[in-house]
Amino acid sequence: MKAKTVFFCTACGNETPKWQGRCSACGAWNTIAEQPAEPKSKSGGTRASSGARHPGRAKPLHEVDGSSELRFGTGLGEFDRVLGGGAVRGSLVLVGGAPGVGKSTLLLQICGYIGQNAKILYVTGEESERQLKMRAQRLGVNGGSFYVMAETALDDILDAAGELAPDVMIIDSIQTLYSGAVGASPGSVVQVKECTMSLLQLSKQQGVTVFLVGHVNKEGAIAGPKVLEHMVDCVLYFEGEQASSYRILRAAKNRFGSTNEIGVFEMLDKGLSEVANPSELLLSGRPEAAPGTCVTCVIEGTRPILAEIQALVTASCYNVPRRNANGVEYNRAMMLLAVLEKRSGLRIAANDAYINVIGGLTVDEPSADLAIILALASSFRDKPVREDLVAVGEVGLTGELRPVTGMTMRLAEARRLGFKTVLVPKNAMGKVTVPDGLTVLTARNISEAIAQALS
Ligand code: TYD
Ligand code: MG
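Residues numbered from 1 in each chain as written. Chains lettered and ligands numbered in written order. Predicted model: local features only at pLDDT ≥ 70, side-chain atom pairs only at ≥ 80, totals over all residues. Heavy atoms only, no water.

1. Section: helix α5 (residues 154–164)
Residues three or four positions apart in an α-helix share a direction because the helix packs 3.6 residues into each turn. The set of residues buried in α5 consists of Leu-154, Ile-157, Leu-158, Ala-160, Ala-161 and Leu-164. Angular distribution of buried residues about the axis of α5 spans 160°; they occupy a single face of the element. The inward-facing, buried residues of α5 contact β7 (120–124), β8 (146–150), β9 (168–172) and α6 (189–206). Directly beyond the C-terminal end of α5, a positive phi value near 50° is found at Ala-165. (Buried < 20%, exposed > 50% of the residue type's maximum accessible area, 1.4 Å probe, protein only. Helix = DSSP H or I, 4+ residues; strand = E, 2+ residues; numbered from the N terminus. Arc of directions from axis to C-beta. Contact = heavy atoms within 4.5 Å.)

2. A short note on empty space enclosed by the protein
Any empty space left between atoms is shown by rolling a water-sized probe over those atoms. Scanning the model with the defined rule gives one cavity of 30 Å³ or more in all. The computed volume of the largest cavity comes to approximately 50 Å³. If you trace the largest cavity, you find it lined by Tyr-246, Ile-248, Ile-262, Val-264, Pro-278, Leu-281, Leu-282, Ile-305, Gly-359 and Leu-361. For the lining of the largest cavity, the leading source of residues is helix α8 (residues 278–283), giving three residues. Taken together, the residues of the lining of the largest cavity break down into nine nonpolar, one polar and no charged. Counting only domains with at least three residues in the lining of the largest cavity, you end up with domain 2 (71–276) and domain 3 (281–453). (1 Å grid on protein atoms, 1.4 Å probe; cavity = no way out; pocket = protein on both sides within 12 Å on 5 of 7 lines; lining within 4 Å. Points joined across faces, edges and corners; volume = space filled by probe spheres on them. Nonpolar A, V, L, I, M, F, W, Y, C, P; charged D, E, K, R; others polar. Domains from an automatic or database assignment.)

3. As for the packing of helix α3 (residues 103–114) against helix α4 (residues 129–139)
It is the contact of α3 with α4, at a shortest axis distance of 10 Å, that shows an interaxial angle of 65°. In terms of orientation, α3 and α4 fall into the roughly perpendicular class. Relative to α4, the crossing made by α3 is right-handed. For the pair α3 and α4, contact is made by Ser-104, Thr-105, Leu-108 and Gln-109 and by Leu-132, Arg-135, Ala-136 and Leu-139, respectively. Along the lines of polarity and charge, the residues of the contact of α3 with α4 split into four nonpolar, three polar and one charged. (Axes fitted to C-alpha atoms, helices over the stretch in contact; angles between N-to-C directions. Parallel < 35°, antiparallel > 145°, perpendicular 65-115°, else oblique. Left-handed = near helix turned anticlockwise from the far one by under 90°.)

4. With respect to the domain arrangement of the protein
Annotation of the protein at the domain level lists domain 1 (1–37), domain 2 (71–276) and domain 3 (281–453). Relative placement of domain 1 and domain 3: their C-alpha centres are 51 Å apart.

5. As for the site of ligand 1
The full set close to ligand 1 counts 16 residues, and Gly-100, Lys-103, Ser-104, Thr-105 and Leu-268 are the nearest of them. One of the backbone N or O atoms of Gly-100 is found 2.7 Å from an oxygen atom in ligand 1. Between ligand 1 and Arg-135, the relevant distance is 3.0 Å, taken from an oxygen atom to a side-chain nitrogen or oxygen of the residue. Taken by itself ligand 1 offers 550 Å² of open surface, and the protein chains cover 73% of this. Going through the elements one at a time, α3, α4 and β13 (262–268) are the ones with two or more residues in the shell around ligand 1. Class assignment for the residues of the shell around ligand 1 results in six nonpolar, five polar and five charged. (Near = heavy atom within 4 Å. Polar contact = N/O pair within 3.5 Å; in protein donor to acceptor, adjacent residues only side chain to side chain. Areas by Shrake-Rupley, 256 points an atom, 1.4 Å probe, with all protein chains shown as cover.)

Now the structure itself:
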């Protein structure tokens, strides 16, 4: 039978049965190419998968091996936390981030620790072996079973992996890999897809834990097809502002754990160092007695983190006042501005309003609503929020305050960092333990909250 050929878009990976001048999925012109028929059939059983094939058979659930996955520590507690308590054997982890954010540094650092007990193969397509060595020396990474390879040809990498049988493999980066089976250039959708598929098979069949570095495109998504994210077990994003030395690692997908955890690092001259106490860091340098700032406590994964919310409300010189929200979802911020206008009687509609969460943190919990409202009101009235106050609570459309979960944890964290007062919704304190030395103020709605906080 004649092998069927398909056409695909080299920009987005969309497949079509016939050639078109313009891709119907992404709208790009002249990007449709014919998929060579032969490699296609080969790629169904790429080299890594050419081993034993088991005939398909469904199993009763009770026959399935139910032992929990084997995990190992990476030596960086913050990294382990984001992975859900260590790296899982035989998993495929994609680490995405902007150039220069520290992906290579992060992975090289964990090699130093993992290399003490396991065999590592670090494949770099971006640096020479010498450059890698120099960086490793600077980071103090050396290990007997740490192998490096500057290579971009996928087949050679798979051969080396077969020979070496590493426990952990690092591919830096997936966009530099090249498989001879497909004719496209490295970094193209087809190449990235093909190479990831082969690495996936390698990791599942040989139980190798593979960390892939992925570059991020202008829109902030991992460059390459969306299917890349579906193929891997975990997608981690490493983020940070160019100007600041702090870096946040967050999970966008995790088959072995929660995606709420974040890991915080600081980039020093000796590499990345863990920040075990993000609250302290986020609050350092907080202005005293300045209007327009309020502290809240959000829960990221299992950890309470204090965050400072700042707002600036100023007279507008535009016909349509400007509104901007950083670190808070824009629509939520607009809703809170509307609630503030309507329910508390502050006439802010004609003002520009800017909201910002300090430290590049993204707050997506409704528990931060109250602090946003207070920061806005404080800036508008030009009156600081009372000292040592942490505000926690969700704000409804009628201006009512609603309780949030995890109060005990939040209060303990507030107290630990020296705050003396918390402002919470009236009925939030059911079974909550209040730490010694913490005064709890309650309010039923935003007007009461503003009255208490700005007194
Ligand atoms: P790198 O890990 O190469 O980034 P990526 O692989 O994500 O592109 O990190 C590069 C940046 O980190 C570079 O700007 C220099 C800085 N850096 C330090 O500040 N200290 C260090 O010890 C190292 C290794 C890098
Ligand atoms: Mg790099």
